[in-house]
Amino acid sequence: MSTSSQQGRLPAFRQDEYRERTGKLRQQMAACGMDALLVMNEDNMNYLTGYDGYSEYVPQLALVRQDDEDPWLILREIDTLCATPTSYLPQSRILSYPEKYIGSIQRTAWEPIGDLIRGLTKSNRIGVELTAKTFGIKDHAALSNSMDLSKAIDADGMIGKLKMVKSQTELAYMEQAGKIVDRAMQMGRLDMAVGARECDVGAAVVHALCKGTPEYPGGVFMLPQMPTGSPANAPHLLWSDASYKMGSQTNFELGAFRHRYACALSRTVFLGEPTARAQHLHRAALDGYLAQVETIRPGVKCSDVWHAFERAFKPYGVRKESRSGYSMGLGWMDGGGSFQADDDTIIEANMAFHVLIGIFEKDDGYIFSETVKVTENGVKSLSNMSREMQVNC
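One structure accompanies this document, and this report is about it. (Residues numbered from 1 in each chain as written. Predicted model: local features only at pLDDT ≥ 70, side-chain atom pairs only at ≥ 80, totals over all residues. Heavy atoms only, no water.)

### Digging into helix H2 (residues 42-49)
As a reminder of what qualifies: Throughout this description, buried means an accessible area under 20% of the type-specific maximum (1.4 Å probe, protein chains only), exposed means over 50%, and partly exposed covers the range between. Numbered from the N terminus, helices here are DSSP runs of H or I no shorter than four residues, and strands are runs of E no shorter than two. Counting of polar contacts relies on pairs of N or O atoms within 3.5 Å, with two restrictions inside protein: one atom must be capable of donating a hydrogen and the other of accepting it, and residues adjacent in sequence are counted only when both atoms are side-chain atoms.
Within H2, 8 of the 8 residues are buried, which leaves the element mostly enclosed by the surrounding structure. Every buried residue belonging to H2 is among Glu42, Asp43, Asn44, Met45, Asn46, Tyr47, Leu48 and Thr49, and all of these are buried. Looking at where H2 begins, the residue whose side-chain oxygen comes 2.9 Å from the main-chain nitrogen of Asp43 is Asn41. The positive-phi residue at the C-terminal boundary of H2 is Gly50, with phi of around 90°.

Below, the structure is given as structure tokens:
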């Protein structure tokens, strides 16, 4: 194990747990004819090694070889200081490229990265996470100039499939995050009042997410989404410069994190008596939610869950075209299945889903969600938040 001079910073899992994940990944690689895999998604790097830096804005990756028990990390030089206290890897497996490649128009870090990869594997049968944030068209071209990617294999989604079924430790982190997100939602609701600034309510939510609970420290990996209006119908907005007015609503979509594992929770909160239409939307959303959680169990397909939602929701006559949930875990969405008509992913015990009823239409806006874990007989919500309409008078 690596050692740390920074108190409280250690890998989130045991060495054998990381190695078990890499072993399963190597089996998938063998089935796809890969001798090596370039893991460029930072959450996936964390999943395999424990690396807990937030440095995805620069070129970096983990290299997994078919004939190697442990991965290699290739990072910006200063980010090796993030890997040493958080990754289980020994320093000999944490490689770097020089700082002169950062912020330069004339130089690209993919050149020394390519040299390091070529020094570790001579095979051209290499899998690549092609849609990683730090690997655009120019990056692909630059790495191709440094090493032969003519036989590269698209590896997008490969690790996402592994991440869907969680260990008991992973689920415990998500349950801890569930306690934090419940508290943050309550803090946001309590601070909502006529004349209060939206930014102050946002600050209360962020503070609660960071502070966590007496048992579990928190953190912010994703800013809270909390659009306000009459109705609030935009899905992905933060607070504005405005203050709250009577008759407005706020759609809170929050996520708490423990060791990068997320638990999401959404509620619509009203200032003053909700309209008859808003009450109708709440009943539609709640019935749609309940229909899904009553359907989710091992052996059921994600598409079955969607169809159960449709049967409960459609009679309300409310338009909703977006999916009604997705696999959740490391970093929020973990790349697994979604609740939609054509997703035949088979649900297994110890998976976790964000069951999300988001209504974002021109004249309608409402949100309701909880994160649930799949048990042998059904699901268990990770939230204790009331499912009644949230109204501040």
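### Topic: helix H8 (residues 198-211)
The test is simple: To estimate the expected span of a helix, subtract one from its residue number and multiply by 1.5 Å. Contacts between residues were defined by any pair of non-hydrogen atoms, one from each residue, lying within 4.5 Å.
Its 14 residues place the ends of H8 20 Å apart at the C-alpha level, agreeing with the 20 Å of an ideal helix rising 1.5 Å per residue. Of the surrounding elements, those touching the buried residues of H8 are helix H7 (168-191), strand S7 (228-229) and strand S8 (249-258). Of the residues one or two after H8, Gly212 is the one with positive phi, at around 70°.

### Topic: the pattern of salt bridges
So the rule is basically this: Counted as salt bridges are all cases of a side-chain nitrogen of Lys or Arg within 4 Å of a carboxyl oxygen of Asp or Glu.
Taken as a whole, this structure holds 24 salt bridges when the rule is applied. The closest approach of N and O atoms between Asp67 and Arg65, which form a salt bridge, is 3.6 Å. Across the pair Lys301 and Asp344 runs a salt bridge whose closest N-O atoms are separated by 3.8 Å. Of this pair, Lys301 sits in the loop between helix H9 (276-295) and helix H10 (302-313) while Asp344 is found in the loop between strand S11 (332-338) and strand S12 (352-360), placing the two residues 43 residues apart along the sequence. Through salt bridges that share partners, Glu42, Asp43, Asp52 and Arg260 make up one connected network.

### Quick notes on the packing of aromatic side chains
Spelled out, the test is: To pair, rings of Phe, Tyr and Trp, with the six-membered ring standing in for Trp, must have centres within 6.5 Å; the planes then decide the type, stacked if under 30 degrees apart, edge-to-face if over 60, and tilted in the middle.
Under the defined criterion, the tally for this structure stands at 14 aromatic pairs. Judged by centre distance (5.2 Å) and plane angle (65°), the rings of Tyr289 and Phe368 are edge-to-face. Taken together, the residues Tyr289 in helix H9 and Phe368 in strand S13 (residues 365-374) connect sequence positions 79 residues apart. With respect to class, Tyr289 is no different from Phe368; both count as buried. For the pair Phe309 and Phe313, a centre-to-centre distance of 4.8 Å together with 25° between the ring planes defines the contact as stacked. Here Phe309 pairs with Phe313, and both are found in helix H10, just 4 residues apart, close to one helical turn.

### Details of the packing of H7 against H8
Packed helices, taken two at a time, are described by the angle their axes make and the gap between the axes. Here is the rule we go by: To obtain an axis, a line is fitted to C-alpha atoms, over the contacting stretch when the element is a helix, and the angle between two such axes runs from 0 to 180 degrees between their N-to-C directions. Any angle between 65 and 115 degrees counts as roughly perpendicular, while under 35 counts as roughly parallel, over 145 as roughly antiparallel, and the rest as oblique. Crossings are assigned a handedness: left-handed for a near helix turned anticlockwise from the far helix by less than a right angle, right-handed for a clockwise turn. Under the convention adopted here, Pro, Cys and the residues Ala, Val, Leu, Ile, Met, Phe, Trp and Tyr are nonpolar, Asp, Glu, Lys and Arg are charged, and Gly plus all remaining residues are polar.
Here H7 crosses H8 at 160°, and the two axes come no closer than 8 Å. With respect to H8, the axis of H7 lies roughly antiparallel. Considering the relative orientation of H7 and H8, their crossing is right-handed. Facing Ile180, Val181, Arg183, Ala184, Met187, Gly188 and Asp191 of H7, the residues of H8 in contact are Asp200, Val201, Ala204, Val205, Ala208, Leu209 and Lys211. A per-class count over the contact of H7 with H8 returns 9 nonpolar, 1 polar and 4 charged.

### Topic: unusual backbone geometry
Keep in mind that most residues, glycine aside, have a negative phi and that most peptide bonds are trans. Cis geometry is found at the peptide bond from Ser230 to Pro231, where omega equals 5°. As for its placement among the helices and strands, Pro231 is situated in the loop between S7 and S8. In this model, His259 sits at a positive phi of 55°, which is unusual for a non-glycine residue. Looking at the element boundaries, His259 is found in the loop between S8 and strand S9 (261-271). In this structure, Asn350 is a non-glycine residue whose phi angle is positive, near 75°. Residue position: Asn350 is located in the loop between S11 and S12. Relative accessible area serves as the criterion here: at 25%, Asn350 is assigned to the partly exposed category.

### Brief notes about a nonpolar patch on the surface
Put simply, the rule is: Patch membership requires over 30% relative accessible area and the absence of a salt bridge. Like charges are linked within 9 Å, and nonpolar side chains (Val, Leu, Ile, Met, Phe, Trp, Tyr) within 5 Å. Here the open area of atoms and residues is found with the Shrake-Rupley method and a 1.4 Å probe, where only the protein chains shown may cover a residue.
Together, Val220, Leu223 and Leu238 make up a nonpolar patch on the protein surface, roughly 220 Å² of accessible area in all. Within the element layout of this structure, Val220 appears in the loop between H8 and S7.

### Regarding the sheet that holds strand S3 (residues 72-76)
This is how the line gets drawn: Strands are treated as partners if at least two bridges between them are detected by DSSP.
One open sheet holds the 6 strands; their spatial order is S4-S3-S2-S1-S5-S6, and the pairing between them is mixed. Where the open sheet ends on each side, the last strands, each with one partner, are strand S4 (94-97) and strand S6 (153-154). In this structure, strand S1 (residues 36-39) lies alongside strand S2 (residues 61-65), joined through 4 bridges in antiparallel fashion. When the sheet's bridge partners are listed, Val39 is paired in S2 with Ala62.

Nothing here speaks to function; it is geometry throughout.
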